[in-house]
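# Breakdown of the fold
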Amino acid sequence: MTDQELNRAIQYVTACTSYGRDTVADILTTGLGEMTTLATQSSERFEREVLLEYVCQWTIKRTGQPEPLAREILGYASRWLDEVYEEISKREPESLGLISDNDDDDDGAEPV
């Protein structure tokens, strides 16, 4: 995710909520940053829902923001969270457990 995309996400979420830009930026930067770090550096298998829940909990603890606020902001940013997840799964599918033993079998099914 580029800085421009992150700023667009921050602007969108700020416009959709009553929270200040600094609060939104802190939560989105923390959440998206941890998601990228975890997904690209971990050898564990992660399903989308598990990864997103972990990122939500991490963001709540890291920013010190109340859970409802962090969940709402991350919820509004779900489009960008999904884009980061998809981008990571394309670049680093083994870190998400998306490579099977039979990669030659292209049946057109999407992982996750």
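Now for a look at the structure at hand. Predicted, not measured: the structure shown is a model, and the values here were computed from it.

## As for the pattern of salt bridges
- Within the structure shown, the criterion is met by 3 salt bridges.
- Between R71 and E67 there is a salt bridge whose closest N-O contact spans 2.7 Å. Pair noted here: R71 and E67 are both in helix 4 (residues 67-76), with a separation of 4 residues, about one helical turn.
- Residue classification places R71 among the partly exposed positions, given a relative accessible area of 31%.
- On the accessibility criterion, E67 (37% relative accessible area) is partly exposed.
- Residue R79 pairs with E83 through a salt bridge whose shortest N-O separation is 3.8 Å. Within this pair, R79 and its partner E83 are both found in helix 5 (residues 78-91), separated by 4 residues, close to a single helical turn.

## Some details on the nonpolar core
- Judged by nonpolar contacts, the single largest core of 26 residues is most densely connected at L28, M35, L51 and I73.
- Secondary structure elements with two or more residues in this core: helix 1 (3-16), helix 2 (21-41), helix 3 (48-63), helix 4 and helix 5.
- It is helix 2 that provides the largest number of residues to this core, a total of 7 residues.
- In this structure, L28 is in contact with L6, A9, I10, V13, G33, I73, L74 and A77, ignoring residues within four places of it in sequence.

## Overview of the packing of helix 3 against helix 4
- The geometry of helix 3 relative to helix 4 is characterised by a closest axis approach of 9 Å and an angle of 130 degrees between their N-to-C directions. Accordingly, the angle class assigned to the pair helix 3 and helix 4 is oblique. Here helix 3 runs over helix 4; the crossing is right-handed. Every residue of helix 4 that contacts helix 3 at E53, C56, Q57, T59 and I60 is listed here: E67, A70, R71 and L74.
- Taken together, the residues that form the contact of helix 3 with helix 4 break down as 4 nonpolar, 2 polar and 3 charged.

What counts and what doesn't
Residues numbered from 1 in each chain as written. Predicted model: local features only at pLDDT ≥ 70, side-chain atom pairs only at ≥ 80, totals over all residues. Heavy atoms only, no water. Salt bridge = Lys/Arg side-chain N within 4 Å of Asp/Glu carboxyl O. Helix = DSSP H or I, 4+ residues; strand = E, 2+ residues; numbered from the N terminus. Buried < 20%, exposed > 50% of the residue type's maximum accessible area, 1.4 Å probe, protein only. Core = buried A, V, L, I, M, F, W, Y, C linked by side-chain atoms within 4.5 Å. Contact = heavy atoms within 4.5 Å. Axes fitted to C-alpha atoms, helices over the stretch in contact; angles between N-to-C directions. Parallel < 35°, antiparallel > 145°, perpendicular 65-115°, else oblique. Left-handed = near helix turned anticlockwise from the far one by under 90°. Nonpolar A, V, L, I, M, F, W, Y, C, P; charged D, E, K, R; others polar.

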